[in-house]
Amino acid sequence: MTCYPIPENHGMWWLTTSPGWRRLHAVPGDTLTVEEHRNQVDYAEPNIRAAACGRELPFVYPGMFSRFSMPRCAHCCRALNIAQGRGSPVNEAAEKRLADSLEKP
Ligand SMILES: [Zn+2]
C-alpha cells in the first residue's frame, strides 16, 4: 500500500493534491527525493511537481485509506499505459501475487 516510487508502482510516486484529495496522480520518482517527501509530511507543505498527466500541482502524500481506495488519475494511467483503478498500483501487484500463490497446489 505504499505510494513510494518502487517498481510495482512503475517508478512513480502516487500522490494527491493538497486542496482536492480526489485523485492519485503519478509523479516521476526522480523528480521528488525521499527527503523532500519527508519534509512535506513533517511540515505539511505540498511539493509542487509535474505529474505524468502533464499537470503541475501541489502534491501531498495520501493517507492510508486513500492509498488503498482513491481513484488513480485516468490521464496519468493513460500516459503510463497502465489500467485505471483505485489505490496505488502496488496493491494490485500484491493481490495478484496472493492469488497466484493460492492457485498453486
Ligand atoms: Zn494525473
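Thresholds applied
Residues numbered from 1 in each chain as written. Predicted model: local features only at pLDDT ≥ 70, side-chain atom pairs only at ≥ 80, totals over all residues. Helix = DSSP H or I, 4+ residues; strand = E, 2+ residues; numbered from the N terminus. Buried ≥ 20, exposed ≤ 12 C-beta atoms within 10 Å, placed from the backbone.

Participant: How should unusual backbone geometry be read in this particular structure?
Facilitator: Comment: phi is negative for the bulk of residues other than glycine, and the bulk of peptide bonds are trans. Backbone geometry at His10 places phi at a positive 60 degrees, although glycine is not the residue there. Tracing the chain through its elements places His10 in the segment before strand 1 (12-17). Judged by the 21 C-beta atoms lying within 10 Å of it, His10 falls in the buried class. Positive phi values are uncommon outside glycine, yet Ala44 reaches one of about 55 degrees. Along the polypeptide, Ala44 turns up in the loop between helix 1 (34-43) and strand 3 (47-50).

Participant: Help me out: how do you make sense of the environment of Ala83 in this one?
Facilitator: Position of Ala83 among the secondary structure elements: in the loop between helix 3 (74-80) and helix 4 (89-103). Classification of Ala83 as exposed rests on a count of 9 C-beta atoms within 10 Å. Distance in space between the C-alpha atoms of Ala83 and Lys104 is 26 Å, their sequence separation being 21 residues.

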